[in-house]
Amino acid sequence: MGRHAKTVISSDGFDRRRTGYYSTPKPIANYLFENMTSLLPQGKKVLDPCVGKEELIEAFVKKGFDTNSFDIHRYKSEYLSNFREIDFLRFYLDHKTAVEDLNLDYDFYIANPPYNCHEDDYIKSHKLALEKNFQSIGTLNMYSMFLYSILDLAKEGAIIGLITMDSFLTSFYHFRLRKYILENFSIHHLLLCPTDLFADQDADVRTCILILQKGIQYQKKVILNNRDANQKIFFEKIGQNSFKEADVNEIILQDPKDHFEIVVDVPEEIRSLFKYKRLGELFPASQEFPQATILSTYPKIDRKHSTFLSIKIRETENSIRILTVS
Ligand SMILES: C[S@@+](CC[C@H](N)C(=O)[O-])C[C@H]1O[C@@H](n2cnc3c(N)ncnc32)[C@H](O)[C@@H]1O
């Protein structure tokens, strides 16, 4: 989340920084609804565990699904879905200790998890309980704990549709969350969203749309989108449902050194560079090779502008030689 003012009050008087509230634009809610339900046409029961003002669940309500929702705050007096004012992470942890079979019987989970990070009040004030219970993925931010809780509660075959921060795709910290997803879920849609998606709500944030299904046996092609320059282009594509498809192996860096980073729209010529020794291994002493610190992260993806730093290399049988970097 881009840092602006310390307090950002939304029109309903809540401080967005404390609630992590950013309202999902309608085209995204519709995209999730259409694509989630087409993946599981027989599905009936839905949960949004951080429902806000029902932006995401409304489409399910209108089509007569059994709709259920939680939120830590009550934002309106009347809800269309079956609403409970509860803390979802508390619910997850209580449920985990109370029952043997963790899975809930929802067919669909839909969510735009809160955007707070570690310096925020919730994580600070629940530090001990969170650290104890989220050891396997860490407690860096709310969205990753939310994501993991939803995934853990989902039954086999359930569809999970999210719009969420995308740092878990590549950050080293989120390696364990990524591994958990790749080992237990099929990835159906992964669309990187433009950075101006929440600009009208004073947020400069990198998000993605992710549709998963519990169980790796459902994996087909993945529907993908690299980050578009702006919301207008992205919404046009959403309207026409015109996205690329790829094999799931094409979006996962396979070398253990890359910690299963998930990359979108990276050409094979670039991905194949990852089979080589890393520059850090080739040039451990950075004094002898002044650019080594920069180069060792190559190929560095400038995700905001969807471009690559250009690196010219010469390959010989046993070595690669960097010629220029720009
Ligand atoms: C990014 S907003 C999403 C709102 C709405 N669902 C949407 O998509 O537009 C995140 C929501 O999470 C709620 N929230 C924050 N912490 C929560 C918690 N521990 N349990 C349940 N809801 C929480 C906030 O109140 C807020 O409504």
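Residues numbered from 1 in each chain as written. Predicted model: local features only at pLDDT ≥ 70, side-chain atom pairs only at ≥ 80, totals over all residues.

Side note on the overall build of the chain
So the rule is basically this: Helix numbering and strand numbering both begin at the N terminus, where a helix is a DSSP run of H or I of at least 4 residues and a strand a DSSP run of E of at least 2. Residue pairs qualify as contacts under a 7 Å threshold applied to their C-beta atoms, which are placed from the backbone.
Of regular secondary structure, the chain possesses 12 helices and 13 strands. Partitioning the contacts of the chain with sequence separation of at least 6, the portion at a separation of at least 24 is 61%.

Quick notes on the site of the ligand
Condition: Whether a residue is near a molecule or strand depends on its C-beta atom, generated from backbone atoms, being within 6 Å of that molecule or strand. Polarity classes work like this: nonpolar for Ala, Val, Leu, Ile, Met, Phe, Trp, Tyr, Cys and Pro, charged for Asp, Glu, Lys and Arg, and polar for all others, with Gly in that last group.
With respect to spatial proximity, 23 residues lie near the ligand, and among them Thr24, Cys50, Gly52, Glu55 and Asn112 are the closest. Among the elements of the structure, strand 2 (66-71) and helix 4 (88-98) are those that each provide at least two residues to the shell around the ligand. Here the shell around the ligand is built from residues that sort into 12 nonpolar, seven polar and four charged.

Re the sheet that holds strand 7 (residues 207-214)
The condition that has to hold: A pair of strands counts as paired when DSSP detects no fewer than two bridges linking them. Inter-axis angles, ranging from 0 to 180 degrees, are taken between N-to-C directions of lines fitted to C-alpha atoms, where helices are fitted over the stretch in contact.
The nine strands lie next to each other as 3-2-1-4-5-7-6-8-9, forming an open sheet whose pairing is mixed. Single-partner strands in this sheet number two, and they are strand 3 (82-85) and strand 9 (244-246). Each adjacent strand pair in this sheet contributes to an overall mean axis angle of 20°, direction not counted. As paired elements, strand 5 (residues 159-165) and strand 7 share seven bridges and run antiparallel to each other. Looking at the pairing, Ile159 lines up with Gln213 of strand 7.

Things to note about the pairing of strand 4 (residues 108-111)
Basically, it comes down to this: Using C-beta atoms placed from the backbone, we call a residue buried if 20 or more other C-beta atoms fall within 10 Å of its own, exposed if 12 or fewer do, and partly exposed for counts in between.
A two-sided burial pattern is seen for strand 4, the buried positions comprising Phe108 and Ile110 on one face and Tyr109 and Ala111 on the other. With two bridges connecting them, strand 1 (residues 45-48) and strand 4 associate as parallel partners. If you follow Val46 over to strand 4, its bridge partner there is Phe108. Pairing analysis gives four bridges linking strand 4 to strand 5, with the strands arranged parallel. Residue pairing across strands places Phe108 opposite Ile159, the latter belonging to strand 5.

Observations regarding the pairing of strand 8 (residues 222-225)
Where strand 6 (residues 185-192) and strand 8 come together, three bridges link them in parallel fashion. Bridge pairing in strand 8 places Leu191 opposite Asn225. Bridge count between strand 8 and strand 9: three bridges; the pairing is antiparallel. Considered in strand 9, the bridge of Val222 is made with Ala246.

A look at the nonpolar core
The tendency in soluble globular proteins is for nonpolar side chains to be buried as a group. Selection criterion: In this usage, the nonpolar core is the set of buried Ala, Val, Leu, Ile, Met, Phe, Trp, Tyr and Cys residues whose C-beta atoms join them within 7 Å.
One finds Leu32, Tyr109, Ile110, Phe146, Ile150, Ile160 and Ile209 to be the most contacted residues of the largest nonpolar core, which totals 68 residues. The element contributing the most residues to this core is helix 7 (residues 142-153), with nine residues. Those residues in contact with Phe146 that sit more than four places away from it in its chain are Cys50, Phe88, Ala111, Pro113 and Pro114.

Some thoughts on helix 2 (residues 26-39)
Note the following rule: Take the number of residues in a helix, subtract one, and multiply by 1.5 Å to get its expected span.
In this model, helix 2 (14 residues) spans 20 Å end to end at C-alpha, consistent with the 20 Å of a helix rising 1.5 Å per residue. Of the positions making up helix 2, those classed as buried are Ile28, Ala29, Tyr31, Leu32, Phe33, Met36, Thr37 and Leu39. Contacts from the buried residues of helix 2 go to helix 3 (58-62), strand 4, strand 5, strand 6, strand 7 and helix 9 (231-240).

Structural notes on the confidence of the model for the chain
The line we're drawing: For every residue, the pLDDT score states the predictor's confidence, bounded by 0 at the bottom and 100 at the top.
Across the chain, the average pLDDT comes to 84, with 79% of residues at or above 70. Ignoring residues within four places in sequence, the model shows residues 1-5, a span with pLDDT below 50, making seven contacts including any to other chains. The low-confidence segment residues 286-308, where pLDDT is below 50, has 30 contacts with residues more than four positions distant or belonging to other chains.

Observations regarding helix 8 (residues 175-184)
Applicable threshold: The directions from the helix axis to the C-beta atoms form the arc being described.
Listing the buried residues of helix 8 in full gives Leu177, Arg178 and Ile181. Across the axial projection of helix 8, the buried residues extend over an arc of 100°, all falling on one side. In this structure, the buried residues of helix 8 make contact with helix 7, strand 6 and strand 7.

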